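Commentary on secondary and tertiary structure
Chain by chain, the residues run as shown.
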Amino acid sequence: MKQLRIGMVGYKFMGKAHSNAYRTLPMFFPEAVKPEMSVLCGRDEKAVSLAAEQLGWREYVTDWKELVARDDIDLIDINAPSDVHKEIALAAAKAGKHIFCEKPLALTLGDSREMLQAAEAAGVRHMVGFNYRFSPAVQLVKKLVESGRLGQIYHFRAWFLQDWILDPEFPLVWRLQKEIAGSGSHGDLGAHLIDLAHYLVGDIREVIGMSETFIKERPLADEMTGLSAKGGKGKDAPKGPVTVDDATLFLARFENGALGSFEATRFAAGHRSTNSFEINGSLGSVKFDFERMNELEVYFTSDDEDVQGFRRVLATDPAHAYAEAWWPPGHTIGFEHTFIHEVLELGAAISEGRQPEPNFRDGVKCQAVLEAVERSVSERRWVDLSEME
């Protein structure tokens, strides 16, 4: 396969990230399958027509069913709100289209399993959007763990901290409504941490958690764009209930015996997007913070005592994943590059006849942990992942 004809549903925050990835990939990875930005889909004709022109799509439609039915589309990219993921994915699979779906895969574990079963039955390729895996520094962590250079893994601790809804007058956007988003910080932020844990350490066996919604109601939103919104202010402004968590924390025990701790919140003042984790093993440790995504802190117990300590590794050398395609060593990359690497894997997998990684199986596995934590919060107990089967 030389080209991949794409139809994309959604054009705001993730839509821009995906569009940029499709446009940039051929410039830096010329041997990769070339994405053809064929058709963009959105409900608002005026807005989607402007987005198609701005983002570089050849044409647009306002009905995703029309998009899925077209013969000139190979892959359906779903980055619309979470409540429509399942319906679009099922239709795409039935039509024999490959599927690239943003996380969380669906609103419920049952729905995500149905999406996986449909994709497998149709024999199409499927990918879920856990883009943080594709940071060169995270790829280095994977290499260090798999090669045994960190030894036996004892701890994985992770936190994803934001503060964008700290203001109680911030409007009630769709991400704060359970019927659309599925969950709040837990599914939006915590899902990334769970996937990184699965990718780097292994499967989770059991969890126990707690959560809180600090602001119970908010002004209704008049406009929503990405993570920003406008709405009424003051005591007389109409309000609606917040039906998701503002913060969720949980502990975990992995199948391999490692222990884990996870924290996801949108109420951490001063943290714009602190997506971090630390892994401790018998032979060393690593620390990663996505706000400094080109860096990895590495410690090895084998170092001489007089020079022991965390060292800063700048993951921009040819020895690091993807780095050779970009700039000279020391010239850093950013958030948008994780999506380019993600699309590189997607095209390669389709061309090679294999499933991309991460795929819907990873999405289902993540959803199982999300719901196990929710059950733990509700029932105030440890929940084994076998209960979610």
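For the structure itself, look to the data block above.
Residues numbered from 1 in each chain as written. Predicted model: local features only at pLDDT ≥ 70, side-chain atom pairs only at ≥ 80, totals over all residues. Heavy atoms only, no water.

With that settled, the discussion passes to the overall build of the chain. When helices and strands are tallied, the chain shows 10 helices and 19 strands. Against the compact-globule benchmark of 21 Å for 389 residues, the chain has a radius of gyration of 21 Å, which places it among compact chains. Across its three principal directions, the C-alpha atoms of the chain cover 65 × 55 × 40 Å. Burial analysis of the chain (389 residues in total) assigns 55% to the buried set. Here the contacts in the chain between residues at least 6 apart in sequence split such that 71% fall between residues at least 24 apart. Carbon and sulfur atoms provide 49% of the accessible area of the chain, an area that totals close to 17100 Å². Taken together, the 44 basic and 59 acidic charged side chains of the chain have centroids lying 1 Å from each other. (Helix = DSSP H or I, 4+ residues; strand = E, 2+ residues; numbered from the N terminus. Rg over C-alpha atoms; globule rule 2.2 N^0.38 Å. Buried < 20%, exposed > 50% of the residue type's maximum accessible area, 1.4 Å probe, protein only. Contact = heavy atoms within 4.5 Å. Areas by Shrake-Rupley, 256 points an atom, 1.4 Å probe, with all protein chains shown as cover. Lys, Arg positive; Asp, Glu negative; His and termini not counted. Charge placed at Lys NZ, Arg CZ, Asp CG, Glu CD.)

A word on the packing of aromatic side chains. All told, the structure shown has 20 aromatic pairs when counted by the stated rule. Between Phe 290 and Phe 335 the ring centres are 6.1 Å apart and the planes differ by 80 degrees, which places this aromatic pair in the edge-to-face class. On the criterion of sequence distance, the pair formed by Phe 290 in the loop between strand E16 (284-289) and strand E17 (295-300) and Phe 335 in helix H9 (residues 335-352) is long-range, its members being 45 residues apart. Taking the relative accessible area as the measure of exposure, Phe 335 reaches 29% and is therefore partly exposed. Each ring, one from Phe 335 and one from Phe 339, has its centre 5.0 Å from the other, and the planes form 85 degrees; the classification is edge-to-face. In this pair, Phe 335 and Phe 339 both sit in helix H9, 4 residues apart, roughly one turn of the helix. Through a chain of ring-to-ring contacts, the aromatic side chains of Phe 13, Tyr 132, Phe 156, Phe 160, Phe 250, Phe 254, Phe 262, Phe 277, Phe 288, Phe 290, Phe 335 and Phe 339 assemble into a single cluster. Here Lys 287 stacks its cationic end above the ring of Phe 310, 4.2 Å away from the centre of that ring. (Phe/Tyr/Trp six-rings, centres within 6.5 Å; stacked < 30°, edge-to-face > 60°. Lys NZ or Arg CZ within 6 Å of the ring centre and 35° of its normal.)

Tallied over the full model, the rule gives 29 salt bridges. Among the salt bridges present, the one from Lys 86 reaches Glu 114, with a minimum N-O distance of 2.9 Å. Highlighted residues: Lys 86 in helix H4 (residues 85-94) and Glu 114 in helix H5 (residues 109-122), separated in sequence by 28 residues. On the basis of relative accessible area, Glu 114 is assigned to the partly exposed category, the value being 33%. Residue Arg 311 is joined to Asp 303 by a salt bridge in which the shortest nitrogen-to-oxygen separation is 2.3 Å. A single salt-bridge network, built from bridges that share partners, covers Glu 36, Arg 58, Glu 59, Arg 70 and Asp 72. (Salt bridge = Lys/Arg side-chain N within 4 Å of Asp/Glu carboxyl O.)

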